[in-house]
Structure formats: C-alpha cells, structure tokens
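Here is what each chain is made of, one letter per residue.
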Amino acid sequence: MTDTPQRPRPLRVLAAMSGGVDSAVAAARAAEAGHDVTGVHLALSANPQSFRTGARGCCTIEDSRDARRAADVIGIPFYVWDLADRFREDVVEDFIAEYEAGRTPNPCLRCNEKIKFAALLDKALALGFDAVCTGHYAKVIVGEDGSRELHRASDMAKDQSYVLGVLDDKQLAHAMFPLGDTVTTKEEIRAEAERRGLAVAKKPDSHDICFIADGDTQGFLASRLGKAEGDIVDESGATVGTHEGAYGFTIGQRKGLRIGTPAADGKPRYVLDISPVTNTVTVGPAAALDVTALTAIRPRWCGSAPSGPGTYTAQLRAHGGETEVTAELVDGELRVSFTEPVRGVAPGQAIVLYDDTRVVGSATIASTTRAAAAAV
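Residues numbered from 1 in each chain as written. Predicted model: local features only at pLDDT ≥ 70, side-chain atom pairs only at ≥ 80, totals over all residues. Heavy atoms only, no water.

For the protein chain, an unreviewed UniProt entry supplies the name tRNA-specific 2-thiouridylase MnmA and the organism Streptomyces diastatochromogenes.

Quick look at the structure:
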C-alpha cells in the first residue's frame, strides 16, 4: 500500500467545520492542496442559542460563528446545514435507549456513522462533491488497485481511528483526513492555525458528550427517564445500597456508588452488572471484572470481512490501549477471545480490530465472559 497519491484534478471537497481548531486546519490544508473546498457547519443542537459559556460541546451558535470566521480567512464558501432532527433521532435518542437497556453506548461513533459519514456524505455526494473532509487524526491509504484502507494516525497520542472504525468501504472512499500524517503536538497545530490567521488557534478543545452541556450524564438521563429507585446488591444478592436509576451506572464504575456497607475485605467495589428488568445494580471486587471473551454484533468492515479466525489487536475505548485478541465471525456475530483478561468491558461499547495500524472493522459488544463469573 502507498500513501494517498495526488490526483490529477482537484477534488470537490465538503469540509465539516465544527468551529474548533482541528477542523479549521484540516479545511485550510485541503484548500492549500488545491482542492475546491466548501465549508459546512452542522447545526446539531436542539438549542443552538446556547453559548459555549459553561458548555463542553461543538455545536453551539458561537461555534457556528467561529467556523464561519475560519472559512472567511481560508477563503472558501461556507454554509450551515440543519441536521438537528437527524442527530436527535440517530444519536441522542439512541444514547438514551442504550443506557435505559443497561448498555454503555459511544455517541461519537454513532455520530460519525449516522451523521458525518451517512447523512452528511449522502447529501454531499448528491450535490456533486467528491469527498467529506474532517479534522480527525487518522489516515486513508490507497493501494495500487485503488482499494482504500483506514489506518491509525502517525501520532498515536492523537489517533482517532477508533471512533472511525464504523466506516464502511463506500464511506471510506469519500473520506479525507488532512491531519492524519501530522506527527506534531496539538500546540504545533495551534501554532499553524495562528500562522494562518485562524482565530480558533487558542480555542479550548471540545470534550465529553457534545449534547450534555454541563457534563452531567446521570442528570441528563434522569431528566429524560425519570427517577427509578432500586437496589445495589453484592454478588450474593444482599442489598448494600440503593440508587435512583440503574441507567446512571456503567460496568466498571467505582465512584458515586453511595454504598453504606463496606466490603468484607475493605477493598473498593465496582459495578459488575446492570439489570434494567429488575432495576438492580450488582457490585463486587475489581477481580470480578476480568473479561476473557466477548460476543459482538452488527460488525462493520473497513474492507472485506475476515474469512476465518485471525489474530488482531483490539481497542475497547476511545482513549484505551491495545490488547491482543483472536477473533472470528460466526453466524454474523464476532466472537473474540483475549490473550490476557481485560477490565471495564461493557455491553454497548464498540470493539475495533486492528492489523498493525490498519483498521479491520468494528462491532458492538453484546455480552462478555468473565474469568470468575458466568457470561454477562
């Protein structure tokens, strides 16, 4: 495989501009490379009048204005597209439903899959654009036969290929990530933005979940699902505390359990299981979180599906490390075994498989097998 070659003609590129520094620099680099770039800001918030003060997202009205100013400096056309209804249905409501079912979703993956590289890309292609450009740190590598592969960014510290693992062949064929080859620090990206005259050079990064402005996920869920008091139990079934909604917990959680009875060994307890049917949360020792295998559903491949069992590395969280696994597709489900037990694996999370730096594909974790417990 070779790095993406320079095409003989400039591409018509739609640059998704969140109002942050990464997407602004990505759009500037695409334009500098000779492509015909148009900037677009996605209006995703149900309340776009909310400003960034106290917020932690990337889709406020102030962010839209920052994106417009960046586009003006770059010298490209700029539009705002309203995808709030689609975002609410495919990302926000999905997020709430997953937590209500006792699972732990990743809304960033869902947004990339359903919004940026589905709704946005479909509209871009219909309008005659060749590619969608974003500020993600990942690489697209093109083979001599024209096939495309998604790889980790040159700088592992900034790599975002995990949240792009949901992209399929069609989406990958029209994706552009100008920051993927950059082996620089974030401060150097900010310095580049400043050299280009982009006012977002010093703007703080967005973080946490963009549609939960104050970062209080449990409060957000409670406002949508209401309080539902239930028991917190230990592995024997004995009640050790109460909660106001099982949806407010995630597998592996330690803080915020409000358990009045200390464990017999005096050690901290962690969330082991969440049962929306009985509205109970089960807690236990850290060792009980050790997962040796899992089953994942709805696999999506960045290329052809594996033909048989294979050895890969896997990433289980957006900012998590790699772990060695063997994986096989069986009756449409991904069966994964870990070389060494791992902790903090929750149904609803995504597992992304890698062959060295290449993204093989991703799937949604449906169940786990633990070293010291039955399948969850």
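Further notes follow.
Novice: Can you help me understand the overall build of the protein chain in this one?
Specialist: Along the backbone of the protein chain there are seven helices and 18 strands. Against the 2.2 N^0.38 benchmark of 21 Å for 376 residues, the protein chain shows a C-alpha radius of gyration of 22 Å, consistent with a compact globule. C-alpha atoms of the protein chain, sized along the principal axes, occupy 65 × 50 × 35 Å. In the protein chain, which comprises 376 residues, the share counted as buried stands at 51%. Considering only contacts within the protein chain whose residues lie at least 6 apart along the sequence, 65% involve residues at least 24 apart. On the protein chain, roughly 17300 Å² of surface is accessible, and the fraction owed to carbon and sulfur atoms is 49%. Positive and negative charge centroids in the protein chain, built from 41 and 51 side chains respectively, lie 4 Å apart. (Helix = DSSP H or I, 4+ residues; strand = E, 2+ residues; numbered from the N terminus. Rg over C-alpha atoms; globule rule 2.2 N^0.38 Å. Buried < 20%, exposed > 50% of the residue type's maximum accessible area, 1.4 Å probe, protein only. Contact = heavy atoms within 4.5 Å. Areas by Shrake-Rupley, 256 points an atom, 1.4 Å probe, with all protein chains shown as cover. Lys, Arg positive; Asp, Glu negative; His and termini not counted. Charge placed at Lys NZ, Arg CZ, Asp CG, Glu CD.)

Novice: It is not clear to me how the domain arrangement of the protein chain should be interpreted in this structure. Could you clarify?
Specialist: By a widespread convention, an interface's size corresponds to the accessible area lost as its parts come together. Each assigned domain of the protein chain is listed here: domain 1 (12-196), domain 2 (227-284) and domain 3 (288-370). If you average the C-alpha positions of domain 2 and of domain 3, the two centres end up 27 Å apart. In this complex, domain 2 contributes seven residues to the contact, which on the side of domain 3 involves seven residues. Buried area between domain 2 and domain 3, summed over both chains or domains, comes out near 480 Å², and the portion from carbon and sulfur atoms is 73%. At the boundary of domain 2 with domain 3, the tally comes to zero salt bridges. At the junction of domain 2 with domain 3, the criterion picks out one residue pair in polar contact (both at pLDDT 80 or more). (Domains from an automatic or database assignment. Buried area = accessible area lost by both parts, 1.4 Å probe. Salt bridge = Lys/Arg side-chain N within 4 Å of Asp/Glu carboxyl O. Polar contact = N/O pair within 3.5 Å; in protein donor to acceptor, adjacent residues only side chain to side chain.)

Novice: Explanation requested: the side chain of Thr323 in the structure shown.
Specialist: Within the element layout of this structure, Thr323 appears in strand E15 (residues 322-330). Excluding residues that lie within four positions of it along the chain, Thr323 makes contacts with Tyr312, Thr313, Ala314, Phe338, Glu340 and Val342.

Novice: Where do I start with unusual backbone geometry in this structure?
Specialist: Negative phi is the rule for most residues except glycine; trans is the rule for most peptide bonds. For Asn279, which is not a glycine, the phi torsion comes out positive at approximately 60 degrees. Mapped onto the secondary structure, Asn279 falls in the loop between strand E11 (270-275) and strand E12 (280-284). Backbone geometry at Asp331 places phi at a positive 50 degrees, although glycine is not the residue there. Positionally, Asp331 belongs in the loop between E15 and strand E16 (333-342). Residue classification places Asp331 among the exposed positions, given a relative accessible area of 76%.

Novice: How should I be thinking about the packing of aromatic side chains in this particular structure?
Specialist: The description of an aromatic ring pair rests on the distance of the ring centres and on the angle between the ring planes. Taken as a whole, this structure holds six aromatic pairs when the rule is applied. Ring centres of Phe87 and Phe211 lie 5.9 Å apart, and the angle between their planes is 70 degrees; on these two criteria the pair is classed as edge-to-face. Placement of the pair is Phe87 in helix H3 (residues 84-100) and Phe211 in the loop between helix H6 (186-195) and helix H7 (217-225), with a sequence separation of 124 residues. Pair check on accessibility: Phe87 and Phe211 agree, each one buried. Their ring planes at 55 degrees and their centres at 5.6 Å tell us that Phe211 and Phe220 sit as a pair that is tilted. Of the two residues, Phe211 and Phe220, neither departs from the other in class, the shared state being buried. Three or more aromatic residues joined by ring pairs form one cluster here, namely Phe87, Phe95, Tyr99, Phe211 and Phe220. Taking NZ or CZ as reference, Lys123 lies 4.2 Å from the ring centre of Trp81, over its face. One cation-aromatic arrangement involves Arg152 over Tyr354; the distance from NZ or CZ to the ring centre is 3.6 Å. (Phe/Tyr/Trp six-rings, centres within 6.5 Å; stacked < 30°, edge-to-face > 60°. Lys NZ or Arg CZ within 6 Å of the ring centre and 35° of its normal.)

Novice: Please clarify how the packing of H3 against H7 should be interpreted in this entry.
Specialist: The relative placement of two packed helices is expressed as an angle between their axes plus a distance between the axes. Between H3 and H7, the shortest axis-to-axis distance is 11 Å and the interhelical angle comes to 90 degrees. As the angle between them shows, H3 and H7 are arranged roughly perpendicular. Here H3 contributes Val92, Phe95, Ile96, Tyr99 and Glu100 to the contact with H7, which in turn contributes Thr217, Phe220, Leu221, Arg224 and Leu225. Per-class residue counts for the contact of H3 with H7 are seven nonpolar, one polar and two charged. (Axes fitted to C-alpha atoms, helices over the stretch in contact; angles between N-to-C directions. Parallel < 35°, antiparallel > 145°, perpendicular 65-115°, else oblique. Nonpolar A, V, L, I, M, F, W, Y, C, P; charged D, E, K, R; others polar.)

Novice: How should I be thinking about the UniProt feature "site: Interaction with tRNA" (unreviewed entry) in the protein chain in this particular structure?
Specialist: Following the UniProt record, the feature "site: Interaction with tRNA" (unreviewed entry) maps to His136 and Gln349 here. Secondary-structure assignment places His136 in the loop between strand E5 (131-133) and strand E6 (138-142). Exposure remark for His136: the relative accessible area of 10% places this residue in the buried category. Here Thr134 takes part through its side chain, which lies 2.7 Å from a polar atom of the side chain of His136. Considering the arrangement of structural elements, one finds Gln349 in the loop between E16 and strand E17 (350-355). Of the residues examined, Gln349 reaches a relative accessible area of 11% and is grouped as buried. (UniProt positions renumbered as here; feature names shortened; annotations may be inferred.)

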